[in-house]
Amino acid sequence: MLHRLTQRALTNCMAGLLCIPLIISVAQAQQAPAAAKPGQPNILFLLSDDQRFDTLGCMGNKIIQTPHLDDLSKRGVTFDNAFVTTSICMISRASILRGQYAARHGIIDFRTVFKPEELDQTYMGRLKAAGYRTGFIGKWGVGAPPRGYFDYDKMFPGQGHYRVKQPDGSIKHLNNIMGDQALEFIDASAKEAGRPWVLSISFKAAHVQDEDKKEPFPFDPDLTHLYADVQIPMPVAADEKYFNALPEFLRKSENRVRWTQRFSSEEHFQHSMKGYYRLISGMDLNIGRMIAKLRELKMDQNTIIIFTSDNGFYLGDYGLAGKWYGHDVSIRVPLVIFDPRLPEAARGKRRSEYVLNIDMAPTSLAAAGLKPDERMQGRDLGPLLRGGDGRNWPVEVFHEHHFKHGGIPRSESLRTQRWKYNRYLDSDPLHEELYDLKNDPHELKNLATDAALEPVLGEMRKRWEAMRERVK
């Protein structure tokens, strides 16, 4: 199926790094989509931004308030070991949509867009062709938004802004605007009885507002009371000695620049963290509105809800801010899936298997009764959701970060159940990291130079080299 691509505008945006996306118009297909099959479920895909795995109540955080996602966890399945294959927004989003590693889909910058045939091969494109009503709200993230492709289009290029001026001059928070748009889509979908729908919502929360140096995490003022009297503890790895142990190129990286802007003092840390937490709580409140709307319209028993994030985030860990590298705080994300079709015995469960962002596409397609594209590399999580045996599930996570930026060294990583191997591709001399995750889960002591562990390091190098070829 061919589409005509037309350049419509040139817009500056900030995605933590300068990018210039093109606004793309995709002409509607001439042929009508296939008719949906009876009984196919609706799919609500919720993607947060820069939210690390330990910032939900259901993931063990005793401070943050996320009651609606915590309730979804109690009624669904929570994955304790979910990872992204690249820890940066545009590449991770491309991987989610295509179900592929970056080494295969080839998108490693902010400008590249999906070719028409590639857009059709995303899980959203496949569901569209199968007769689903489609909607996309929020940050598209993969170059310029493909205008005209989805039935409901509320995408924006770049990062957007949290505080949006309304026609009457008032200011409305983006979390609430996106919540309103979601309800609008769900209401409209209810009028097309019998036609399933898929809605992808890509929140800006909890991404920093890069150009706002005074308030890096602009939250909804109505949530100012949250965490006002709370002292948020610093991460274990925030001790200055862990920063001092880093090689010079990491001590002078973009991560350190951003740490200075956000976490450089106790007061600064508390201010930034409370803003970060309030953004997540505001997102959770709007997810609660969506769930309530589904119940009101009696759609809750035929709507699968998937919640995850595009990557993790350094919250002062190792004296850094941002993401990009292979430490767990950068690549490990929350993942909660609620499928109302599951039997009661399969609900409220936790799974420890390693699952990836590239698993979202085949999981969504399988839920709709569609076969994944043969080029997809992710796996359908359906068997794990249904309580299946995960003993033969893969036990390795490969992470690749090839985006070129002078202050962000390229890197690759391999994580097994016991060991983590990080390799900085441009370092000279080569800098490697080896962590014993069993005895050092916070990745505090680099063992790469420990002579006694040279056999382990050598084995991890071999496995890393094999994996980087396998994912192409």
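Presented here is a report on the structure given in the accompanying data block. The structure displayed is predicted, hence computed values, not measured ones.

Scoring rules and cut-offs
- In this numbering scheme, every chain counts its residues from 1 along its sequence in written order.
- The model is predicted, so local features are restricted to residues of pLDDT at least 70 and side-chain atom pairs to those at 80 or more, both for listing and for counting; the totals for chains, interfaces and linings are taken over all residues.
- Computation of side-chain values covers all heavy atoms of the structure but excludes hydrogens and water.
- A helix here means a DSSP run of H or I that spans at least four residues, while a strand means a run of E at least two residues long, and both kinds are numbered starting from the N terminus.
- Using C-alpha atoms as the atom set, the radius of gyration is obtained and then compared with a globule rule of 2.2 Å times the number of residues to the power 0.38.
- For each residue, the accessible area found with a 1.4 Å probe, counting protein chains only, is set against the maximum for its type, and the residue is called buried under 20%, exposed over 50%, and partly exposed in between.
- Two residues form a contact once any of their heavy atoms are found within 4.5 Å.
- Residue burial considers only the protein chains on display, and all accessible areas are found by Shrake-Rupley using a 1.4 Å probe.
- In this count, Lys and Arg are taken as positive residues and Asp and Glu as negative ones, while His and the chain termini are left out.
- Where a charge lies is defined by one atom per residue type, namely NZ (Lys), CZ (Arg), CG (Asp) and CD (Glu).
- The aromatic pairing rule takes the rings of Phe, Tyr and Trp, using the six-membered ring of Trp, and pairs them if the centres are within 6.5 Å, calling planes under 30 degrees apart stacked, those over 60 edge-to-face and the rest tilted.
- Whether a charge sits over a ring depends on NZ of Lys or CZ of Arg being within 6 Å of the ring centre and within 35 degrees of the ring normal.
- The criterion for strand pairing is that DSSP finds at least two bridges linking the strands in question.
- Grouping buried Ala, Val, Leu, Ile, Met, Phe, Trp, Tyr and Cys residues that are joined through side-chain atoms within 4.5 Å yields what is termed a nonpolar core.
- Note on definitions: angles span 0 to 180 degrees between N-to-C directions of axes, and those axes are lines fitted to C-alpha atoms, for helices only across the stretch in contact.
- Oblique is the label for any angle not covered by the other classes, which are roughly parallel (under 35 degrees), roughly antiparallel (over 145) and roughly perpendicular (65 to 115).
- Take the far helix as the reference: if the near one is turned anticlockwise from it by less than a right angle, the crossing is left-handed, and if turned clockwise, right-handed.
- The method works on a 1 Å grid over the protein atoms by themselves. A cavity is a set of points holding a 1.4 Å probe that cannot get out, a pocket is an open set with protein on both sides within 12 Å along at least five of seven lines, and residues with an atom within 4 Å of a point line them.
- Grid points are joined across faces, edges and corners, and a volume is the space filled by probe spheres set on the points.
- Throughout this entry, Asp, Glu, Lys and Arg are counted as charged residues, while Ala, Val, Leu, Ile, Met, Phe, Trp, Tyr, Cys and Pro are counted as nonpolar. The remaining residues, Gly among them, count as polar.
- Definition of a polar contact: a pair of N or O atoms within 3.5 Å, with one able to donate and the other able to accept a hydrogen when the atoms are protein atoms, and with sequence-neighbouring residues admitted only if both atoms are side-chain atoms.

## Digging into the overall build of the protein chain
Counting its regular elements, the protein chain contains 14 helices and 22 strands. Expected size for 472 residues packed as a compact globule is a radius of gyration near 23 Å; at 21 Å, the protein chain falls within 12% of this value. Seen along its three principal axes, the alpha-carbon backbone of the protein chain occupies a region of about 65 × 50 × 50 Å. Counting the 472 residues in the protein chain, one finds 60% classified as buried. Residue pairs in contact within the protein chain that sit at least 24 positions apart in sequence constitute 70% of those at least 6 positions apart. With the model as given, the accessible surface of the protein chain reaches about 19200 Å², and the carbon-plus-sulfur share is 51%. Put simply, the protein chain has 64 plus and 59 minus side-chain charges, and the middle of one group is 3 Å from the middle of the other.

## Re the packing of aromatic side chains
Taken as a whole and judged by the stated rule, the model has 21 aromatic pairs. Ring centres of Tyr-314 and Tyr-318 lie 6.2 Å apart, and the angle between their planes is 75°; on these two criteria the pair is classed as edge-to-face. In terms of burial, Tyr-314 and Tyr-318 fall into one category: buried. A cation over a ring is seen here: Arg-256 above Trp-259, with NZ or CZ 3.6 Å from the ring centre.

## Re the pairing of strand E19 (residues 397-401)
Within a regular strand, the side chains alternate between the two sheet faces. In terms of burial, E19 is a largely internal element, five of the five residues being buried. Every second residue of E19 is oriented toward a common face, with Val-397, His-399 and His-401 on one face and Phe-398 and Glu-400 on the other, all of them buried. Looking at chain direction, E19 and strand E20 (residues 411-415) are connected through five bridges and run antiparallel. What sits directly across from Val-397, in E20, is Arg-415.

## Quick notes on the nonpolar core
Counting 64 residues, the largest nonpolar core has Phe-79, Tyr-123, Leu-127, Trp-140, Leu-335 and Leu-381 as the members making the most contacts within it. Counting 53 residues, the second-largest nonpolar core is a separate cluster that includes Tyr-162, Ala-182, Ile-201 and Val-336.

## A look at the packing of helix H6 (residues 174-190) against helix H10 (residues 266-296)
Between H6 and H10, whose axes approach to 9 Å, the crossing angle comes to 15°. Comparing the axis directions of H6 and H10 gives the class roughly parallel. The handedness of the crossing between H6 and H10 comes out as right-handed. From H6, Asn-175, Asn-176, Gly-179, Asp-180, Ala-182, Leu-183, Ile-186 and Asp-187 reach across to H10, where they touch Leu-279, Gly-282, Met-283, Asn-286, Arg-289, Met-290, Lys-293 and Leu-294.

## Brief notes about helix H2 (residues 89-98)
In terms of burial, H2 is largely enclosed, as 10 of its 10 residues are buried. Every buried residue belonging to H2 is among Cys-89, Met-90, Ile-91, Ser-92, Arg-93, Ala-94, Ser-95, Ile-96, Leu-97 and Arg-98, and all of these are buried. The positive-phi residue at the C-terminal boundary of H2 is Gly-99, with phi of around 70°.

## Notes on the sheet that holds E19
Consider a sheet: its strands pair through backbone hydrogen bonds, and that pairing is either parallel or antiparallel. Read from one edge to the other, the open sheet built from four strands follows the order E19-E20-E21-E22, with strand pairing classed as antiparallel. Two strands in the sheet have a free side with no partner beyond their single neighbour: E19 and strand E22 (431-436). Taken over all neighbouring pairs, the strand axes of this sheet differ in orientation by 10° on average, direction set aside. Two elements, E20 and strand E21 (residues 419-424), share five bridges in a ladder whose sense is antiparallel. Residue pairing for E21: Arg-415 is matched across the bridge by Lys-420. In the packing of helix H14 (residues 454-470) onto the sheet, the strands contacted are E19, E20, E21 and E22, and the crossing angle to E21 comes to about 70°.

## Observations regarding the layout of surface pockets
Within this model, the largest pocket holds a volume of roughly 450 Å³. The wall of the largest pocket is formed by 26 residues, among which Arg-52, Asp-54, Pro-235, Val-236 and Asp-317 lie closest to the centre. Mapped onto the lining of the largest pocket, the elements with two or more residues apiece are H10 and helix H11 (328-331). Looking at the lining of the largest pocket, its residues break down into 15 nonpolar, four polar and seven charged.

## Considerations on unusual backbone geometry
Here the amide bond leading from Ala-205 into Ala-206 is cis, since omega sits at 10°, within 30 degrees of zero. Positive phi outside glycine occurs at Tyr-227, with the angle close to 65°. Within the secondary structure, Tyr-227 is located in the loop between strand E12 (197-202) and helix H7 (240-244). A positive phi angle, near 90°, is found at Trp-324, a position not held by glycine.

## Comments concerning the side chain of Arg-52
Along the polypeptide, Arg-52 turns up in the loop between strand E5 (42-48) and helix H1 (67-75). Polar side-chain contacts of Arg-52 include one of 2.7 Å to the side chain of Asp-317.

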